[in-house]
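# Observations on the model geometry
These are the residues of each chain, in order.
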Amino acid sequence: MVSSSPLLTLPATIAWKEDALYLLDQTRLPHESVVERVRTVEEVWRGIHELRVRGAPAIGVAGAYGLCVAMQPARDGSREAFYAALEQHAAYLDTARPTAVNLSWALRRMTQAAQRSDAVDAEALYQVMVAEASKIHQEDQAICKGIGVHGLPLITPGSGVLTHCNAGALATTGLGTATAPLYLAHQNGVAFRVFADETRPLLQGARLTAFELQQAGLDVTLITDGMAASMMAQGLVDVVIVGTDRVAANGDFANKIGTLGVAVAARYFNLPFYVACPSSTLDLQTARGADIVIEERSDGEVTHLGGRSIAPPDIKVRNPAFDVTPNELVTGFITERGIVRAPFGKNLAALFVSDGGAL
Ligand code: MRU
């Protein structure tokens, strides 16, 4: 199972083949590339919770196919039993991770597709769900491409681009969000360099972003999170592009912990700060960033590195997985329909509300 794009040499993050769901285990990258079949709803939940599949768009696609996996035992039952199980499994999968809105968005879309269908029996309802999951999957690839096309003019010859965490191909089923303009610029022969923050505590920047960009032949330099401001001060960064897990109606957004610090530094150094935002990550029901639920993860992710303790025993720890950046620090949201600039409340809604959202 290979990636959707000739630009990428990685295995596909998510694959659905003959009623089976396969996930690339991202916790083992960059050293091992292992694709595993996920057979039960509990395995799907764990795959998302334990970050074997991660990144907002990929979590959405995995949730959609994961709900199909969950519904397989209900295929030969009654329609009523199918709907009852569907509600239950969707609610369960939705608890796997709270911050990326793509998960609840995809699960809601899947549930509604089944509820609106006039399929005659449970097997036909199951087929409706597989078709909807496949649609979400294909849309994700098209959305990444759209973000790439609209973000491309931001990548100018000789420029330096800084990114945080992994909003790359590995976080999606396509070219990534923040990385899509980078891949297209590289394909067009634009010479530029990328600085990838390592992104403590789980090192998605080092393990995933540095890896996938290097594999694709881009000029990428890995830095620790604490070095980002210094790179900016040295004039090495011209533009920052990050991804997001949820954009509130007013343009405040959640992304991997550390994004807020990068945005503050970018403002200090007067650098443009862009957020790659697929329509599936826009949450117009959440008014402002303060309303976004931030996932708190286990202490061990902070006190240990590569399985080894790096802190005194019994130290007090905080481990919020995401932070919220206020909209006033955002230059623009790169969406599949174009770049949205302030006032964000008005302009984000105008771009997506009229026809109900995603492509
Ligand atoms: O905890 P993760 O690895 O799922 O966090 C991922 C991020 O914060 C990404 O930047 C975000 O999901 C956007 S992915 C296109």
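Residues numbered from 1 in each chain as written. Predicted model: local features only at pLDDT ≥ 70, side-chain atom pairs only at ≥ 80, totals over all residues. Heavy atoms only, no water.

Our next topic: the site of the ligand. Surveying the vicinity of the ligand reveals 16 residues, the closest of which are R54, A56, R97, N255 and K256. One of the backbone N or O atoms of A56 is found 2.9 Å from an oxygen atom in the ligand. Within the side chain of K256, an N or O atom sits 2.7 Å from an oxygen atom of the ligand. Protein chains bury 100% of the 420 Å² of accessible surface belonging to the ligand in isolation. Elements supplying a minimum of two residues to the shell around the ligand: α2 (56–71) and β9 (253–256). Counted by class, the shell around the ligand contains six nonpolar, six polar and four charged residues. (Near = heavy atom within 4 Å. Polar contact = N/O pair within 3.5 Å; in protein donor to acceptor, adjacent residues only side chain to side chain. Areas by Shrake-Rupley, 256 points an atom, 1.4 Å probe, with all protein chains shown as cover. Helix = DSSP H or I, 4+ residues; strand = E, 2+ residues; numbered from the N terminus. Nonpolar A, V, L, I, M, F, W, Y, C, P; charged D, E, K, R; others polar.)

Where helix α1 (residues 41–49) contacts α2, the axes come no closer than 9 Å and their chain directions differ by 165 degrees. Classified by the angle their axes make, α1 and α2 are roughly antiparallel. The two elements α1 and α2 meet at a crossing, and its hand is left-handed. Residues V41, V44 and I48 of α1 pack against I59, A62, G63, G66, V69 and A70 of α2. Counted by class, the contact of α1 with α2 contains seven nonpolar, two polar and no charged residues. (Axes fitted to C-alpha atoms, helices over the stretch in contact; angles between N-to-C directions. Parallel < 35°, antiparallel > 145°, perpendicular 65-115°, else oblique. Left-handed = near helix turned anticlockwise from the far one by under 90°. Contact = heavy atoms within 4.5 Å.)

Glancing now at the nonpolar core. Counting residues in each nonpolar core, the largest one holds 44 residues, and the members touching the most others are I14, L21, L67 and M129. Counting residues per element, the ones that place at least two in this core are β1 (14–17), β2 (20–24), α1, α2, α3 (79–93), α4 (101–116) and α5 (122–151). Looking at this core, the element that brings in the most residues is α2, giving 12 residues. Core analysis: the second largest hydrophobic core is formed by 33 residues, L8, L154, I155 and V194 among them. (Core = buried A, V, L, I, M, F, W, Y, C linked by side-chain atoms within 4.5 Å. Buried < 20%, exposed > 50% of the residue type's maximum accessible area, 1.4 Å probe, protein only.)

Okay, the domain arrangement of the chain next. Splitting the chain by domain gives domain 1 (14–142) and domain 2 (146–355). Put simply, the middle of domain 1 and the middle of domain 2, counted by C-alpha atoms, are 25 Å apart. In this assembly, 26 residues from domain 1 lie in contact with 30 residues from domain 2. Summed over both sides, the interface between domain 1 and domain 2 buries roughly 2,200 Å², with carbon and sulfur atoms accounting for 53% of that surface. When residues of domain 1 are sorted by the area they lose upon contact with domain 2, R54, T99 and V101 head the list and together hold 28% of the total. The partner of E295 in a salt bridge is R97, and the shortest N-O contact between them spans 2.9 Å. For the side of domain 1 that touches domain 2, the secondary-structure elements that each account for two or more residues are α2, α4 and α5. Considered class by class, the residues forming the side of domain 1 that touches domain 2 number 14 nonpolar, eight polar and four charged. (Domains from an automatic or database assignment. Buried area = accessible area lost by both parts, 1.4 Å probe. Salt bridge = Lys/Arg side-chain N within 4 Å of Asp/Glu carboxyl O.)

Next up on the list: the packing of aromatic side chains. To describe a pair of aromatic rings, one takes the distance between the centres and the angle between the planes. Per the stated rule, a full pass over the model turns up six aromatic pairs. On the basis of an interplanar angle of 85 degrees and a centroid distance of 5.0 Å, the ring pair of F333 and F344 is categorised as edge-to-face. Residue F333 is located in strand β15 (residues 332–335), and its partner F344 is located in helix α11 (residues 344–352); the two are separated by 11 residues in the primary sequence. The exposure classification of F333 matches that of F344, with both residues buried. One aromatic cluster is present, built from ring pairs that chain together F253, F273, F333 and F344. Note that K256 overlies the ring of F322, its terminal NZ or CZ placed 4.3 Å from the centroid. (Phe/Tyr/Trp six-rings, centres within 6.5 Å; stacked < 30°, edge-to-face > 60°. Lys NZ or Arg CZ within 6 Å of the ring centre and 35° of its normal.)

This brings us to the sheet that holds strand β8 (residues 246–248). One key point about sheets: their strands pair by backbone hydrogen bonds, in either a parallel or an antiparallel sense. Judged by pairing direction, the sheet is mixed, and its four strands sit side by side in the order β11-β8-β9-β14 without closing on themselves. With partners counted over all chains shown, the strands left at the sheet margins are β11 (282–283) and β14 (322–325), one partner each. Here β9 pairs with β14 via four bridges, running antiparallel. Paired with A254 across the bridge in β14 is V324. (Pairing = 2+ DSSP bridges.)

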